[in-house]
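A closer look at the structure
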Amino acid sequence: MAGRFVRSSKYRHVFGRPTRKEQCYDNLRVSRNAWDSNLLKANPEYLAVNWDASGGGAFAVIPTSERGRLPDRIPLFRGHTAVVLDTDWNPFNDSLIASGSDDGKVFLWRVPDNFTVRPDLPADEIEDVAPVGKLSGHSKKVGHVLFNPAAENVLASASGDFTVKIWDIEAGSSKLNLKVGEVIQSMSWSANGSLLVTTSRDKKLRVWDVRQEKPAIEVASHQGAKNSRSVWMGEHDRIATTGFSKMSDRQLALWDIKAPNAPVDGFQMLDSISGVCIPFWDDGTNCLYLAGKGDGNIRYYEYENDKFEYLSEYKSSDPQRGISFLPKRGVNMHENEVMRAYKTVNDSYIEPISFVVPRRAESFQEDIYPPTIGLKPAMSASEWFEGAERLPPKINLESIYDGNAGEYATSEAKPAAKPAAAKPASPVKAPEPKKEAEPPKPEPAVTARAPPASMKEQGSSMMAMASKFEDKEAVEDEDNDSSSFEEVQKPIERTAIKGPAPQVDTKPSASQKVATPSPKSPVPTKEPESEVASATSTPVQPTSTADSTSSAAGTEVLEREIKNMKTMMAQQTRQIATLAKTVQELTAEVKSLKSR
């Protein structure tokens, strides 16, 4: 461990917390189709699961609140004539979902109001849900569907005909067609919805200028024979990809779209497991989650200084075939949950996994919950097809934490400056950081002890305090005169006999309070002044009641105290010098130990 330094991070101790079996979604029949998709999609209200159904394709929608064992017969979303390969929830409407199927169709579905998987009906009378829209145009199976994250009702679908179609689901037609020329393995939108990244079987990474229907970037990516995945890293101009090397080692790569010829710092080897690694990006925490398909592990990294810093790994003996992550607006902020994953286990139940920051959660944690995307799109479909580019408005998560509807940023900050829209929320929580900032203020004063060269300044400041003392004599004159006067004289005798020092330890008087703090903080100019002030506050009372002769005696007392303080400072300077030597010796010893 010699020479290692721990990187500072709020998420260094994030841990994955599994869910008890009775709180999972049990008695499912997850599709066993071999197509490489996530099988599962989640939003704060519902889970969508590709279902193992006969008589055509189907998928199930499960309300997230209805945990436990599901009935043997539940209402399914039927309509496809072949198996459902992928689904995706509309980011601005939690009840609207799109599905792609082996029959080459894209269907749109709306979850009925008050939908439940436990209807109070006999099994024979349970009705399935029919689609509300059908999009036809692909000649082969549709393996991936993905809604635009900024524009309303814009959908991308990737097909086995080697194309990606961009649909205006309001018009019910495809407006754009991207000719990839190979089987598309994954795709991901940029934050403003203007660019689309794809990985394909020809081992190429392409970044498409969608509305120009041509790739802006086309470079060689992972060279392994197995599938690769990509994810756009939110509002960054970066893309993360996972794939395999020619030796079938799993890899992670970070791409800068401004310098795309090669990944930043090359391809990072992860391990030699054969399952595809599925990446998920959390824009709020700048963390990347990698979920292995076929194993039960989820490792996560923090993006910092243009590289991925490994944080930790959630390990489980239960492998997952399907996995999905929840949007940030759906996490449990009262338990400091920064991310939640849903994974399929044994194709029979879904297990939620919470990723939690281990700290006390008595109030809203502003630093780990920045504003996030809500349910308002940045633009309409027609605006997007005309070339508009905007980021969607963000909501303040503290309003959700308090149980209210998400409060959006002002319309002034809507166009692009979303970080500026996040700042108005900070003044509300400004007092909390100030509480944390106040304790460190004395610490700089303590560290300022080191320079002992300011003794002359301290002496001048003490003389100034003497003049202040004389001014205050005529002001305070109401306390016990005799008792306080005796308390002043005792330390005078003690300090005068400081050579043999028999009375230093035996007289715990008020002036000792002046002597004891000074070894702890001898050098700073402010602390001796405060100590002199505390020492002089006691003689003020007797001198105010005495005559001019007593005031003269008081000034003599003060001069003696100043002399004593100077001698003590000299002693403390010598102590500091010895301490500095010991520190140097310890430093040399530490260096020698490190060299060993």
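Now for a look at the structure at hand.

Rules used in this analysis
Residue positions are counted from 1 within each chain, in the order its sequence is given. Only residues with pLDDT of at least 70 get local features here, since the model is predicted, and only at 80 or more are side-chain atom pairs given and counted; chain-wide, interface and lining totals rely on the full set of residues. The basis for the side-chain values is all heavy atoms of the structure; hydrogens and waters are excluded. Take a side-chain nitrogen of Lys or Arg and a carboxyl oxygen of Asp or Glu: if they are within 4 Å of each other, that pair is a salt bridge. Going along the chain from the N terminus, every DSSP run of H or I of four or more residues is numbered as a helix, and every run of E of two or more is numbered as a strand. Each residue is assigned to one of three classes by its accessible area relative to the maximum for its type, calculated with a 1.4 Å probe on protein chains only: buried under 20%, partly exposed between the two thresholds, exposed over 50%. Whether two strands pair comes down to DSSP finding at least two bridges between them. We call a set of buried residues a nonpolar core when its members are Ala, Val, Leu, Ile, Met, Phe, Trp, Tyr or Cys and they connect through side-chain atoms within 4.5 Å of each other. Any two residues whose heavy atoms approach within 4.5 Å at even a single point are treated as in contact.

Evaluation of the coordinates by the stated rule reveals 34 salt bridges. Aspartate 88 is the partner of lysine 41 in a salt bridge, and the nearest nitrogen-oxygen pair spans 3.6 Å. Of the two residues, lysine 41 sits in strand β3 (residues 40-42) while aspartate 88 sits in strand β8 (residues 84-89), which places them 47 residues apart along the sequence. The structure contains a network of salt bridges with shared partners spanning Arg250, Asp271, Asp295, Arg299 and Glu313.

Next up on the list: the pairing of strand β13 (residues 154-159). Buried residues dominate β13, accounting for 6 of its 6 residues. Here β13 shows a buried face lined by Val154, Ala156 and Ala158 and a second buried face lined by Leu155, Ser157 and Ser159. Relative to β13, strand β12 (residues 142-147) is paired through 5 bridges, and the arrangement is antiparallel. Its bridge partner being in β13, valine 142 is matched across the sheet by serine 159. Here β12 hands over to β13 after 6 residues, with asparagine 153 in that stretch at a positive phi of 60 degrees. The sheet contact formed by β13 and strand β14 (residues 163-168) spans 5 bridges and is antiparallel. In the strand pairing of β14, valine 154 is matched with aspartate 168. Where β13 folds back on β14, the antiparallel hairpin that results is connected by 3 residues, among which phenylalanine 162 adopts a positive phi of roughly 70 degrees.

Time to look at the sheet that holds strand β7 (residues 77-78). One open sheet accounts for 4 strands, arranged β3-β4-β5-β7; its pairing is antiparallel. Of all strands in the sheet, those with a lone pairing partner are β3 and β7, marking the two edges. Sheet topology note: the β3/strand β4 (residues 46-50) ladder contains 3 bridges and is antiparallel. The residue of β4 that forms the bridge with leucine 40 is valine 49.

What follows is about the nonpolar core. Core analysis: the largest hydrophobic core is formed by 32 residues, its most contacted members being Leu47, Phe59, Val61, Ile62, Phe77, Tyr342 and Ile350. For this core, the secondary structure elements donating two or more residues are β3, β4, β5 (58-63), β8 and β10 (105-110). Ranked by residues supplied to this core, first place goes to β5 with 5 residues. Beyond its immediate sequence surroundings of up to four residues, isoleucine 350 is in contact with Cys24, Tyr25, Leu28, Leu40, Leu47, Val49, Tyr342, Lys343 and Thr344. Of all hydrophobic cores here, the second largest spans 27 residues; its members include Cys287, Ala291, Ile323 and Met333.

All we've got here are geometric facts, nothing functional implied.
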